[in-house]
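# Coordinates in review
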Amino acid sequence: MTKEECKQVVLDIISEIAPDEDLSDVKPEVRLRDQLDLDSMDFLDIVMELRKQYGIEVPEADYTQLATLDSCAEYLTPKFNAVKA
């Protein structure tokens, strides 16, 4: 999985848990919580969906790695590729 595909997965999950959010103009380098109306429960839902849909565990200590789309891609792409291997 490429970093761009990983970003799309994250956006797809956000669209599931926050269907009213407009994701067409999300800036990859800006914190998601600064751009979208996501609260801590929404963030936990993202982490839970990553585990449920893709088998990817994100320890609580690593939650800060998921702040932006870019950081999500950096952190998650190797995990996606390890799960698929």
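Residues numbered from 1 in each chain as written. Predicted model: local features only at pLDDT ≥ 70, side-chain atom pairs only at ≥ 80, totals over all residues. Heavy atoms only, no water.

### Some details on the nonpolar core
Quick note on the threshold: Nonpolar cores are built from buried Ala, Val, Leu, Ile, Met, Phe, Trp, Tyr and Cys residues. Side-chain atoms within 4.5 Å join them into one set. Only protein chains enter the accessibility calculation, which uses a 1.4 Å probe; a residue whose area is less than 20% of its type maximum is buried, one above 50% is exposed, and one in between is partly exposed. Helix and strand definitions follow DSSP, with helices as H or I runs of at least four residues and strands as E runs of at least two, each counted in order from the N terminus. Contacts between residues were defined by any pair of non-hydrogen atoms, one from each residue, lying within 4.5 Å.
With 24 residues, the main nonpolar core has Ile14, Leu32, Val58, Leu66 and Leu76 as its most contacted residues. Mapped onto this core, the elements with two or more residues apiece are helix H1 (3-17), helix H3 (40-54) and helix H4 (69-84). Residue contributions to this core peak at 6 residues, all from H1. Residue contacts for isoleucine 14: discarding those within four places in its chain leaves Pro19, Leu23, Leu32, Leu36, Leu38 and Ile46.

### Comments concerning the pattern of salt bridges
Rule in force here: Salt bridges, as used here, are contacts in which a Lys or Arg side-chain nitrogen is within 4 Å of a carboxyl oxygen on Asp or Glu.
Throughout the structure, instances matching the rule amount to 7 salt bridges. In this structure, the salt-bridge partner of aspartate 25 is lysine 27, at a minimum N-O distance of 3.7 Å. Aspartate 25 sits in the exposed class, given a relative accessible area of 55%. On the accessibility criterion, lysine 27 (39% relative accessible area) is partly exposed. Because the salt bridges share partners, they merge into one network encompassing Glu4, Lys7 and Asp70.

### Focus on H1
Definition in use: Helices are assigned an expected span. That span is 1.5 Å times one less than the residue count.
Between the first and last C-alpha of H1 there are 21 Å, a value that for 15 residues agrees with the 21 Å anticipated at 1.5 Å per step. Where H1 is concerned, the buried positions are Cys6, Lys7, Val9, Val10, Leu11, Ile13 and Ile14. In this structure, the buried residues of H1 make contact with helix H2 (32-35), H3 and H4.

### Concerning the confidence of the model for the protein chain
Going by this rule: Residue-level confidence of the predictor, termed pLDDT, takes values from 0 up to 100.
Summarising the model, the protein chain shows a mean pLDDT of 94, and 99% of its residues fall at 70 or more. Across the protein chain, the secondary-structure element scoring lowest on mean pLDDT is H4, at 93, and the one scoring highest is H1, at 96.

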